[in-house]
Amino acid sequence: MKTIIALIGFTFFTHFVNAQNDTASTSEGTTITVTVPVTSDEGNVLLGLYTEDIFLKAAPMKRAIAEIIDGKAIATFENVAPGTYGISLFQDKIGNKQMDFDVNGMPLEPYGISNNIMSFGPPQWSDAKFEVGNEPIEMEIRM
């Protein structure tokens with residue numbers, strides 16, 4: 001169990017440590033707007049947009065940092081081409097751009113994935129994936 005939780009932490013750390021270095025995007029595509037209800041106003045919410053081949057294995061194709069205002073964080077991914085994607089996120093309560101863990105390996109910060117399916121262990125692509133067409137998408141992801 002510690003190995004699985006450590007993998008989740010390493011994944012989040014690896015993908016968000018350089019959150020300001022977004023991958024260049026094209027000028028075509030649609031938008032995905034994500035609203036995240038938050039119970040604490042500490043820190044920010046860090047989000048990553050993935051395709052299947054990089055889901056929690058490599059840096060996300062797009063990143064976002066959302067400020068928490070009035071109990072929610074809102075982020076928008078722009079210029080997203082049609083395809084299949086997944087989103088992972090966590091609340092970076094202390095601003096170190098990494099998910100923090102208890103000594104027993106349990107996450108100290110809330111996290112979530114698209115489709116809101118949470119299970120023990122690392123998030124699975126099959127649970128997080130969703131289709132993007134030409135129309136803008138609005139979704140809520142709970143932590």
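Refer to the structure presented above.
Residues numbered from 1 in each chain as written. Predicted model: local features only at pLDDT ≥ 70, side-chain atom pairs only at ≥ 80, totals over all residues. Heavy atoms only, no water.

Caption draft 1: Representation of the environment of alanine 75. Within the secondary structure layout, alanine 75 lies in strand β4 (residues 72-80). Put simply, alanine 75 and isoleucine 65 are 10 residues apart on the chain and 6.9 Å apart in space, counted from C-alpha to C-alpha. Ignoring any residue separated from it by four or fewer positions in sequence, one finds alanine 75 in contact with Ile32, Thr33, Val34, Leu47, Ala64 and Ala66. (Helix = DSSP H or I, 4+ residues; strand = E, 2+ residues; numbered from the N terminus. Contact = heavy atoms within 4.5 Å.)

Caption draft 2: Local environment of the nonpolar core. Counting 22 residues, the largest nonpolar core has Ile32, Val34, Val45, Leu47, Phe77, Ile87 and Phe130 as its most contacted members. The set of elements that each furnish at least two residues to this core consists of β1 (30-37), β2 (44-50), β3 (62-69), β4, β5 (83-92), β7 (130-132) and β8 (137-140). Among the elements that make up this core, the one with the highest residue count is β4 (four residues). Those residues in contact with valine 45 that lie beyond four places of it in its chain are Val36, Val38, Ala64, Ile65, Ala66, Ile68, Ala73, Leu89, Phe90, Gln91 and Met143. Formed by seven residues, the second largest nonpolar core is a distinct cluster that contains Tyr50, Ile54, Trp125 and Ala128. (Core = buried A, V, L, I, M, F, W, Y, C linked by side-chain atoms within 4.5 Å. Buried < 20%, exposed > 50% of the residue type's maximum accessible area, 1.4 Å probe, protein only.)

Caption draft 3: Molecular detail of the side chain of aspartate 92. Tracing the chain through its elements places aspartate 92 in strand β5. The side chain of aspartate 92 is buried and forms no salt bridge, while lysine 97, the nearest opposite charge, is found at 5.7 Å. In this structure the side chain of aspartate 92 is engaged in a polar contact, spanning 3.3 Å, whose partner is the backbone nitrogen of glycine 95. Sequence-distant contacts of aspartate 92, that is, excluding residues within four places in its chain, are made with Glu42, Gly43, Asn44, Leu46, Lys97, Gln98 and Glu109. (Lys, Arg positive; Asp, Glu negative; His and termini not counted. Salt bridge = Lys/Arg side-chain N within 4 Å of Asp/Glu carboxyl O. Polar contact = N/O pair within 3.5 Å; in protein donor to acceptor, adjacent residues only side chain to side chain.)

Caption draft 4: Structural detail: the side chain of serine 114. In this fold, serine 114 is placed in the loop between β6 (111-113) and α2 (125-128). A distance of 2.5 Å separates the side chain of serine 114 from the backbone oxygen of alanine 128, its partner in a polar contact. Ignoring anything within four residues of it in the chain, the contact list for serine 114 reads Gly86, Ile87, Asp127, Ala128, Phe130, Met139 and Ile141.

Caption draft 5: Representation of the environment of phenylalanine 90 within the structure. By the secondary structure assignment, phenylalanine 90 is in strand β5. As a C-alpha pair, phenylalanine 90 and tyrosine 111 span 21 residues in sequence and 3.9 Å in three-dimensional space.

Caption draft 6: View of the packing of aromatic side chains. Scanning the entire structure with this criterion turns up two aromatic pairs. Taking 5.5 Å as the distance between ring centres and 85 degrees as the angle between the ring planes, the aromatic pair formed by tyrosine 50 and phenylalanine 55 counts as edge-to-face. Each member of the pair tyrosine 50 and phenylalanine 55 is classed as buried. For the ring pair phenylalanine 55 and tryptophan 125, a centre distance of 5.5 Å and an interplane angle of 65 degrees mean the geometry is edge-to-face. With phenylalanine 55 in the loop between β2 and β3 and tryptophan 125 in helix α2, the pair connects residues that are 70 residues apart, well separated along the chain. We classify phenylalanine 55 as buried; its relative accessible area is 6%. Aromatic ring contacts, followed pair by pair, group Tyr50, Phe55 and Trp125 into a single cluster. (Phe/Tyr/Trp six-rings, centres within 6.5 Å; stacked < 30°, edge-to-face > 60°.)

The analysis is restricted to geometry; functional conclusions fall outside its scope.
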